[in-house]
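Structural overview
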Amino acid sequence: MRIDIISCVPRLLEGPLSHSILKRAQDKGLLEVHVHDLRDYAENKHRHIDDYPFGGGPGMVMMVEPIARCIRALQAERSYDEVIYLSPDGETFRQPLANQLSLLNNLILLAGHYKGVDQRVRDLFITREISIGDYVLSGGELPALVLVDALGRLIPGVLGDEGSALLDAFQDNLLDAPVYTRPADFEGHTVPDVLLSGHQRNIEDWRDQSALDKTRRLRPDLLQE
Ligand code: SAM
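Applying the stated criterion across every chain, the model contains zero disulfides. The closest cysteine sulfur to the non-disulfide-bonded Cys 8 is located on Cys 70, 11 Å from its own sulfur. Judged by its relative accessible area of 6%, Cys 8 is buried. When its relative accessible area of 0% is taken as the criterion, Cys 70 is described as buried.

Structure below.
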């Protein structure tokens, strides 16, 4: 999978992309992430990518031309399955959407700033708008990274244990069962006996029941879906 991220603050993306699982996925050639500095597509000498809103009011708006130039340059090189704008008023990002997007080959993610992008960007170039939740962040870089991480870990071969992404919370509308590791007794707080029994069938039953109990307690809405 190839993901191109368009940002006017590309350095915000550096750390998360160069460590841990996302780095390993790129090193293994399973995931390619390319970051594009929107200012490289500005034609004015100050590399401005924003301007005052027509009609007045506070805040700046990201201009259509630099974004259009950047997206067109990418689309001239290859075809993209989706051109996604990260936006608080987009469709809420949830696990089924992550699963669906992880099957695609080429994605563009556009990170906004200020008051957001000129509406014509959304009308002309964007195929999908995604929100990571009902709150407003100052830029789309963190939401873009949320998508890259959620999608990247679903690509076969990225996680060490092939099966583990499918056992995570929200797959099958269930939260994950509690997990424990050594020591078996921490200051008198012990691990459930069944996990030490070596009886795999009983362990699976305990995990299924615990996941169901936890979901009923913390997220009963998931069981209605
Ligand atoms: N005026 C915009 C509004 O109310 O919808 C908010 C703009 S926000 C300050 C700047 C940028 O951050 C947005 O263009 C978007 O790319 C990103 N952003 C902020 N919150 C987000 C969220 N919950 N999900 C996805 N992107 C978000």
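Moving on: the pattern of salt bridges. A side chain of one charge can pair with a side chain of the opposite charge if their charged atoms are brought near each other. Following the criterion strictly, the structure yields 18 salt bridges and no others. Between Lys 23 and Asp 27 there is a salt bridge, with the nearest N and O atoms lying 2.7 Å from each other. Of this pair, Lys 23 and Asp 27 both sit in helix α2 (residues 20–27), four residues apart, roughly one helical turn. Judged by its relative accessible area of 57%, Asp 27 is exposed. Taking the shortest distance from any N to any O, the salt bridge between Asp 205 and Arg 201 comes out at 3.8 Å. One end of the pair is Asp 205 and the other is Arg 201, both in helix α8 (residues 200–218) and four residues apart, which spans about a single turn. The exposure class assigned to Arg 201 is exposed, which follows from its relative accessible area of 59%. Overlapping salt bridges, with partners in common, bring together Arg 2, Asp 4 and Glu 32 in one network.

With that settled, consider the nonpolar core. Counting residues in hydrophobic clusters, the biggest one holds 29 residues, and the most contacted among them are Leu 31, Phe 93, Leu 109 and Val 148. Among the elements of the structure, β1 (2–7), α2, β5 (82–92), α4 (95–101), β6 (106–110) and α6 (141–152) are those that each provide at least two residues to this core. For this core, the element with the highest residue contribution is α6, accounting for six residues. Counting residues in each nonpolar core, the second largest holds 21 residues, with Leu 38, Ile 71, Phe 125 and Ile 126 among its members.

Glancing now at the site of the ligand. Close to the ligand lie 20 residues, the nearest being Tyr 85, Leu 86, Gly 112, Tyr 135 and Leu 137. Ser 87 is positioned with one of its backbone polar atoms (N or O) 3.3 Å from a nitrogen atom of the ligand. A distance of 2.8 Å is found between a nitrogen atom of the ligand and a backbone nitrogen or oxygen belonging to Tyr 135. Across the complex, the protein chains shield 82% of the 590 Å² of accessible surface that the ligand would expose by itself. Of all the elements in the fold, those that place two or more residues in the shell around the ligand are β5 and β7 (128–131). By residue class, the composition of the shell around the ligand is 10 nonpolar, nine polar and one charged.

Calculation notes
- Residues numbered from 1 in each chain as written.
- Predicted model: local features only at pLDDT ≥ 70, side-chain atom pairs only at ≥ 80, totals over all residues.
- Heavy atoms only, no water.
- Disulfide = S-S within 2.5 Å.
- Buried < 20%, exposed > 50% of the residue type's maximum accessible area, 1.4 Å probe, protein only.
- Salt bridge = Lys/Arg side-chain N within 4 Å of Asp/Glu carboxyl O.
- Helix = DSSP H or I, 4+ residues; strand = E, 2+ residues; numbered from the N terminus.
- Core = buried A, V, L, I, M, F, W, Y, C linked by side-chain atoms within 4.5 Å.
- Near = heavy atom within 4 Å.
- Polar contact = N/O pair within 3.5 Å; in protein donor to acceptor, adjacent residues only side chain to side chain.
- Areas by Shrake-Rupley, 256 points an atom, 1.4 Å probe, with all protein chains shown as cover.
- Nonpolar A, V, L, I, M, F, W, Y, C, P; charged D, E, K, R; others polar.

Any functional reading would require information that these geometric values do not contain.
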